Structures are given as C-alpha cells and as structure tokens.
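# Examination of the molecular architecture
If you want the building blocks of each chain, they are given just below.
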Amino acid sequence: MSYIQTKRWNVNKSANLQNIEMNLQEAANLIKDGHVVAFPTETVYGLGGNALDPQAVTDIFKAKGRPNDNPLIVHIANRDGLNELVTEIPLIAEKLMDAYWPGPLTLIFHANDKVPTNVTAGLSTVAIRMPSHPVARELLEKSGVPVAAPSANLSGRPSPTTADHVWTDLEGRIAGVVDGGATGVGVESTVLDISGEVPMILRPGGITREELTEVCGHVELDGALMDDGQAPKSPGMKYTHYAPKGSLTLVRDRALIQELATKARAEGKRVGVLTTEERANHYDADFVYACGSDGDLKATAALLYNGLRAFDDQEIDVIFSEVFDENGVGAAVMNRLEKAAGGRMIK
Ligand code: TXA
Ligand code: MG
C-alpha cells in the first residue's frame, strides 16, 4: 500500500469553534470525494468512506488489512438515510430506534440493491447504525452520504478509543483523522439481528441485553457467543480480534495471578496484569493496568482497549487478566477479553 500524507484535524472542545467547523467540512468533503477518514463515535473511532461508492469501500478494507468476507456497518445521520438502504423496516426496528437511536446499537436489515456488495460482503442483509457522538453526527450531516465505517484499527488489533490509537495503526494509510478526544463507551456497538423471527444479539456492546429486553420482550444470544462450537452469525466475530501483541490469559482465581506472574518473570518474560484500581498496587509485575474500579463496568469498558494497547507500548510478553462481571456492559467487556485471549482462560 502506498504512503499517503495523513491529515489530523483537532475538533476537541478546546479548539476554536470556527476551526472545528472548517475542519469537519474538510473531512466531510474528503469523504464525499471518495476518500477514507477516521472519526470518533461514542463507542470507538471509525474508519469512514462513502458507503455508496464501492471503490471507497475497497479502500477501507485495504487500509485496515481487513478480510473482505467481513461486512461493514453503515452509519447514517437520520432516519431518511435508512429508507434509502433497506427493503423494509420491521415494527420492532421502529421501537428499538425510538428507544436507542442515536446510540451504540447496530441493527441488521434486509438490504436493497443500492447497497454495494462489498459493504455487505455479499450478504442479503446490511448493518446500520445512527451514532450519537456530536462529531460523528456533524460529519455525517456535512458529508451528505451514508458512511461505511469499521473500527479504525489495523485488522486484529484492539479498536481505537483515541485519535492517537488510530494514528499508531493507520498513519500513512488513510486521508485523515478527526481528533475529537477519547470516545465514551469504549467498546463497539451491540449488533442486533432483527431480520428473523426473534431479535438476536450477534455481538454484545454498548446497549445491554437488559436494555434490549425492555423493548423487545425477548432477545436471543447467538449460540456462538455462548461457546457452543457454532459458527458465529456475524462474520466479524469469528476472527481473533482486539488482540494485544503479548499473550493474554484470563484468570478467574485472583489468588493465582501473582503466582503465574512471578513464574513467567522468572522465565525472563516481561509480565503485565490487568486489574482494577482496588488491587493495582497488590501485584508485582513489569506493568499493571488499572481498568476502572470494582463494580464500575462502564469505566472498565471505557478503558479496556487503551489498556490492551498499553501492554504493547510497554512491550509486555505475557498478560494475566482478572475476570469481570458479565452483567450490563460487562458482557461486552468479557466478550472482547475472551477474544483477545484467543480463548485462554484459567477457571
Ligand atoms: O461501534 C461500532 O459498531 C464501531 C463504530 C465505528 O461504529 N464499528 C465497528 O465496526 O465495530 P466493525 O466493522 O469493527 O464491526 C462490525 C461488526 C462485525 O462483527 C461484522 O461482521 C458485523 O458487524 N456485521 C456487519 N454487517 C453484518 C451483517 N449484515 N450481518 C451480520 N453481521 C454483520
Ligand atoms: Mg472492529
């Protein structure tokens, strides 16, 4: 892939309002003209291009090194944008959109023939979401097109929650990065399939199962999320993903963590531990990351990918992580940790 000069626009709250406006317009024009630009959403940074332009979509896959059988989420500014992409809008979708859009919920619809096949990876369905981050919303408005955007990381790496994370992975490979500061939720949107009889969670995320149940009455979990050996229905969930460079193991018994850490250090490894503030000082390791505090799963979600990347910055070879509660957004945290660990879990 040839080197591109990557622009960086500061649209943080600290920036001058007029500059923010100009920067967002420049980024939006680039998207409109078929270029690929990273921008913040309330979940993670996305790598956006015009979803109706197959070449722009191809360039997204190339920049990330993403396998092309893994479809993209299309981001829209408003509900009119939805009508242009789908064949029908089920009643349950209306209810879910009323409750959780804009926000971290991706819905799977039947696609119409305007959606390029590389966006959907050849599936008959398309994933759509309306983000709530003000910068994302403004950019979508200004670009005037639906924007296909996977997370703005190199394929397989932890998703980016800051513009620096994006820069580390994609500088020289994309047209620009809109820097709107750290994202809020920190894990990706929930992917919910409503194209069948019963709504089914394909990927846990920012909108919790509990919140979906309030609206839908009953939601199912893709069996692949429960370790039953099935192939996941969301193509992206089959890849080892979100992975730091060091080898990560989840350890349910906290008392065992120090023992394992000490042993690995004796073998000459650089060892990291992922824990919370309460126990950060208890561990003797080369690097300890406090991922929020006990019981505050939202803070843990917000810090998780930053933590996984911090182990890389510290050149850690072996990471041991505590295990988190799986209620609320904890389901998404544990799903990502399990993937990052490639299934290595000591019970
Ligand atoms: O929060 C998010 O969703 C972020 C921000 C940037 O919006 N985006 C994101 O995109 O996480 P990505 O590409 O990293 O993940 C999209 C997930 C993948 O697991 C993909 O397989 C799934 O959505 N997906 C996309 N289209 C699908 C479809 N038609 N049917 C089933 N799964 C689909
Ligand atoms: Mg991703």
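Everything that follows concerns the structure shown earlier in this document.
We now turn to the structure provided with this report. For every chain, the first residue of the written sequence is number 1, and numbering continues from 1 onward in sequence order. Lettering of chains starts at A and numbering of ligands starts at 1, both following the order in which they are written. Residue-level local features of this predicted model are given only where pLDDT is at least 70; pairs of side-chain atoms are given and counted only at 80 or more, and the full residue set underlies all totals for whole chains, interfaces and linings. The side-chain values count all of the structure's non-hydrogen atoms but skip hydrogen atoms and water molecules.

## Concerning the packing of helix H1 (residues 17-32) against helix H6 (residues 134-143)
Here, axes are lines fitted to C-alpha atoms. For helices the fit covers the stretch in contact, and angles between N-to-C directions go from 0 to 180 degrees. Secondary structure is summarised from DSSP: a helix means a run of H or I of at least four residues, a strand means a run of E of at least two, and numbering begins at the N terminus for each. Their axes nearest at 8 Å, the elements H1 and H6 cross at an angle of 55 degrees. Judged by the inter-axis angle, H1 sits oblique to H6. For the crossing formed where H1 meets H6, the hand is right-handed. Residues Glu21, Leu24, Gln25, Ala27, Ala28, Ile31 and Lys32 of H1 pack against Val135, Glu138, Leu139, Lys142 and Ser143 of H6. For classification, angles of less than 35 degrees are called roughly parallel, those exceeding 145 degrees roughly antiparallel, those between 65 and 115 degrees roughly perpendicular, and all remaining angles oblique. Each helix crossing is assigned a hand: it is left-handed if the near helix lies turned anticlockwise from the far helix by less than a right angle, otherwise right-handed if that turn is clockwise. In what follows, residue pairs with any heavy atoms lying within 4.5 Å of each other are defined as contacts.

## Looking at the side chain of Glu322
With respect to the element layout, Glu322 can be found in the loop between strand S15 (318-321) and helix H11 (330-340). Think of it in three bands: with a 1.4 Å probe and only protein chains considered, a residue is buried below 20% of the maximum accessible area for its type, exposed above 50%, and partly exposed in between. Given the relative accessible area of 1%, Glu322 is considered buried. Under this definition, polar contacts are N or O atom pairs within 3.5 Å; protein pairs additionally need one hydrogen-donor-capable and one acceptor-capable atom, and for neighbouring residues in sequence, both atoms have to be side-chain atoms. Within the structure, Glu322 has its side chain in polar contact with the side chain of Tyr283 (distance 2.7 Å). Once residues within four sequence positions are removed from consideration, Glu322 is found in contact with Val251, Arg254, Ile257, Leu274, Thr275, Thr276, Arg279, Tyr283 and Leu337.

## Observations regarding the pairing of strand S3 (residues 45-50)
A large share of S3 lies buried, amounting to six of its six residues. One requirement defines pairing of two strands: DSSP has to find at least two bridges between them. When strand S2 (residues 37-40) meets S3, the two strands line up antiparallel, connected through four bridges. Each bridged residue has a counterpart across the sheet, and for Val37 the counterpart in S3 is Gly48. Taking the residues that link successive antiparallel strands as the turn, the S2-S3 hairpin has four residues. As judged from the two bridges shared by S3 and strand S7 (residues 147-148), these two strands associate in the antiparallel manner. Across the sheet, the residue bridging to Asn50 is Val147, located in S7.

## A few points about the side chain of Arg309
Residue placement: Arg309 occurs in helix H10 (residues 297-313). Note on Arg309: relative accessible area 4%, which makes it buried. Among the polar contacts listed, one links the side chain of Arg309 to the backbone oxygen of His165, at a separation of 3.5 Å. In this structure Arg309 touches Asn153, Arg157, Pro158, Ser159, Pro160, His165, Thr168 and Asp169, once residues within four positions along its chain are discounted.

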